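# Remarks on the overall topology
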Number of protein chains: 2
Amino acid sequence: MNNTVSQKPFLRALKGENLKSPPLWLMRQAGRYLPEYREIRGNVSGFLELCYTPELAVEVTLQPIRRYGFDAAILFSDILVVPDALGQAVRFEEGEGPKLNPVRSVADLDILSLDRLHEHLAPVYETVRRLSVELPDETALIGFAGAPWTVATYMVEGKGSRDFANARGWGLQDPEGFSKLIDLVTEATAAYLCRQVEAGAEVLQIFDSWAGVLSENEFEKWAIEPTAKIVSTVKARYPDIPVIGFPRGAGILYKRYVAETGVDAVSLDSTMPLDWAAENLQDKVALQGNLDPLLLLGGGEPMDREIRRILDRLGKGPFIFNLGHGIIKETPPENVARLVDVVRGG
Amino acid sequence: MNNTVSQKPFLRALKGENLKSPPLWLMRQAGRYLPEYREIRGNVSGFLELCYTPELAVEVTLQPIRRYGFDAAILFSDILVVPDALGQAVRFEEGEGPKLNPVRSVADLDILSLDRLHEHLAPVYETVRRLSVELPDETALIGFAGAPWTVATYMVEGKGSRDFANARGWGLQDPEGFSKLIDLVTEATAAYLCRQVEAGAEVLQIFDSWAGVLSENEFEKWAIEPTAKIVSTVKARYPDIPVIGFPRGAGILYKRYVAETGVDAVSLDSTMPLDWAAENLQDKVALQGNLDPLLLLGGGEPMDREIRRILDRLGKGPFIFNLGHGIIKETPPENVARLVDVVRGG
């Protein structure tokens, strides 16, 4: 890694440096709260079309960088491009979440194959390549994927879920069978992330959005082990690439996640007590987080106060400012501007 | 409290005794998984009618005691009888969750009043009274209520919710206004629970089913403080009554909950790491939990193994065996029989 790259504040924080003003980006920063995003989204028929059209995906990735000068841009894509590329077609219906024909047994896995993975995802790699050229020098480029457990929940439930009864039930009653699905997604995800690095991604984030519903045993098998495999596969080829893990809702289990996966940083959800995180995690990894998106939605004094509290509690070690979850689409863009001001010392 | 009462195993565990075979009951043990329950439920028009008809509520409370000989019976009722009694009518529609006309501002609270609380809830008290006579001598009687935060989520959202954006948003943006709602529910709940004790309840459980979505600040204001108020109000009048708290999903914050609310026991959800709970909580309170209801649904060897693991990890201090959440309605009754056998040493 050359000097220019390692001087990007975002990368310095990930290497363990404690910066006076923390680097800043926001999960789902490219999205529906921005009028310029909605305009582009309105011109394509489907959400995945946007993800698979490099020209448009590059444009929406850059929009929040132009507006707010965040320290990192995150590739515009979706965690479900992986099952889509494995052969389990994903549909996004207007006003609803994603829909897939569910896989619920080892026999169902026959429809899945790694053969066309990279061919299918080529437009994503092209987006990363173009972004690595077009981004401002000081802005880091984040690639990402869903963690196997979270991706598998959609593959098994066939849609979003509240209790993940099918996915969890499969894993509890037939761990061997379910692990075939997890292993396949793990392999695909590691390969997908390696290609993103080859294309120019400087950091990777692994989103385990539904890790919080798992018991400790399940968390070990379906969250820690697959993530550790992905991290080691990626790092075997790219030892310097920093990886951020986001086991959302994992609570006490953040500690084992940090100790056992090999990630360089963890993103904290908004329920995480800050003093506990600073004390138990920040000596081992950089922390990222964790403003409540509802406070950004509402803005005003409650938001300012919480931003300052987070800076105060987490700013004593390596730290990246972010939300605890993605931006809510009704968020006024001026609240984001205010957030940037306050984080940067306003 | 006389000697007969304090010899009930359930009450002994709540007083801090470590019993060789832990007392046992299951959340939602009176419910739709039992054919004898479904028969009675089929003969009444609405779910709340069942809660408000002492003859029927007593019968369904007793059904699982007859079948399985649990160490405790829990009053058959619903946490939403409190808003219903405050004047915010609750409807349960077939196949859907509860519906209420939402309250979303201080002005909306005008429809709520404590005046008719006890009159409205008189059938519940009558149910408790009859149960205290009809239960076997060794079976403890648990009264219960929802915690103010959890009850308030339904009052503000008007139905079940995934992210509780209206309730949380109100609390974040206008904590003073929202605390008027919380205070009213707190006062009603304390009064309701005191009456349950007068009618014969020997233990109280406070269900904070949605505590897990709160940040630490919110948890302090909306979960810990109201619960502490309820516990101190009840204990001022009935110093010997044990109170079990269930801040479901609170993770790390279980520790503050235990330290600051005054409860005698906490019920652990299925995501709680057992070693952490034994180490951080069990020297202060009795623990209850935490078999995953999905394991009870599936039964077999995975259930047996987890039951034994729980007994091994939590059985070294005061402990009550239970689930981590309510029984799933598709659970085969024979799996419950097997659970009872395994817990009792089979």
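Below is a short write-up of the structure. (Residues numbered from 1 in each chain as written. Chains lettered and ligands numbered in written order. Predicted model: local features only at pLDDT ≥ 70, side-chain atom pairs only at ≥ 80, totals over all residues.)

Within chain A, the regular secondary structure consists of 16 helices and nine strands. Relative to a compact globule of 346 residues, whose C-alpha radius of gyration would be 20 Å, chain A shows 19 Å and is just as compact. Overall, the C-alpha framework of chain A stretches about 55 × 45 × 40 Å when taken along its three principal axes. The buried share of chain A, reckoned over its 346 residues, is 53%. For chain A, restricting intrachain contacts to residue pairs at least 6 apart in sequence, the fraction spanning at least 24 positions comes to 73%. (Helix = DSSP H or I, 4+ residues; strand = E, 2+ residues; numbered from the N terminus. Rg over C-alpha atoms; globule rule 2.2 N^0.38 Å. Buried ≥ 20, exposed ≤ 12 C-beta atoms within 10 Å, placed from the backbone. Contact = placed C-beta atoms within 7 Å.)

For the rest of this paragraph, the subject is the relation of the copies chain A and chain B. Superposition record for chain A on chain B: RMSD 0.0 Å, screw rotation 180°, translation along axis 0.0 Å. Taken together, these values place the two copies in the relation of a two-fold axis. (Least-squares fit on C-alpha atoms with pLDDT ≥ 70 in both.)

To continue, consider helix α7 (residues 117-134) of chain A. Residues and elements named next belong to chain A. Its 18 residues place the ends of α7 26 Å apart at the C-alpha level, agreeing with the 26 Å of an ideal helix rising 1.5 Å per residue. At Pro123, α7 shows its maximal kink, close to 45°. Those residues of α7 not exposed but buried are Leu117, Leu121, Val124, Tyr125, Thr127, Val128 and Leu131. (Expected span 1.5 Å × (residues − 1). Bend = angle between axes of the 7 residues up to and from the residue.)

Formed by 241 residues in total, the largest nonpolar core has its most connected members in Val82 and Val266 of chain A together with Val82 and Val266 of chain B. With residues near it in sequence (within four places) discarded, Val266 of chain B still touches Ile244, Gly245, Phe246, Tyr254, Tyr257, Val258, Leu281, Val285, Leu287 and Gln288 of chain B. (Core = buried A, V, L, I, M, F, W, Y, C linked by C-beta atoms within 7 Å.)

What follows concerns the sheet that holds strand β7 (residues 265-267) of chain A. Residues and elements named next belong to chain A. Spatial strand order, β1-β4-β5-β6-β7-β8-β9: seven strands in an open sheet with parallel pairing. Whereas interior strands pair on both sides, the edge strands pair on one side only; in this sheet they are β1 (72-74) and β9 (319-323). Between one strand axis and the next, the sheet turns by 25° as a mean value, whatever way the strands run. With three bridges joining them, β1 and strand β4 (residues 140-146) adopt parallel strand pairing. The residue bridging Ile74 from the neighbouring strand is Ile142, located in β4. (Pairing = 2+ DSSP bridges. Axes fitted to C-alpha atoms, helices over the stretch in contact; angles between N-to-C directions.)

All names here are of chain B. Overall, parallel pairing links the seven strands, which are arranged β1-β4-β5-β6-β7-β8-β9 in an open sheet. Two strands bound the open sheet, and with one partner strand each, they are β1 (72-74) and β9 (319-323). Strand-to-strand, the axes of this sheet are offset by a mean angle of 25°, without reference to chain direction. Where helix α10 (residues 175-199) meets the sheet, its contacts fall on β4 (140-146) and β5 (203-208), and the angle it forms with β4 comes to roughly 165°.

Here we take up the interface of chain A and chain B. Contact with chain A, which involves 23 residues of that partner, is made by 23 residues of chain B. Counting residues per element, the ones that place at least two in the side of chain A that touches chain B are α9 (165-173) and α14 (293-298) of chain A. When residues in the side of chain A that touches chain B are grouped by element, the largest group, five residues, is from α9 of chain A. Split into classes, the residues belonging to the side of chain A that touches chain B amount to eleven nonpolar, eight polar and four charged. (Nonpolar A, V, L, I, M, F, W, Y, C, P; charged D, E, K, R; others polar.)

All names here are of chain B. Running from amino to carboxyl end, helix α7 (residues 117-134) crosses α10 at an angle of 35°, the nearest separation of the two axes being 8 Å. With respect to the hand of their crossing, α7 and α10 are arranged in right-handed fashion. Facing Leu117, His118, Leu121, Tyr125, Val128, Arg129 and Ser132 of α7, the residues of α10 in contact are Ala188, Ala191, Tyr192, Arg195, Gln196 and Ala199. Of the residues contributing to the contact of α7 with α10, the split by class is eight nonpolar, three polar and two charged. (Left-handed = near helix turned anticlockwise from the far one by under 90°.)

The subject of this paragraph is helix α8 (residues 148-157) of chain B. All names here are of chain B. Buried residues dominate α8, accounting for ten of its ten residues. Among the residues of α8, those classed as buried are Pro148, Trp149, Thr150, Val151, Ala152, Thr153, Tyr154, Met155, Val156 and Glu157. Once α8 finishes, Gly158 follows within two positions and takes phi at roughly 85°, a positive value.

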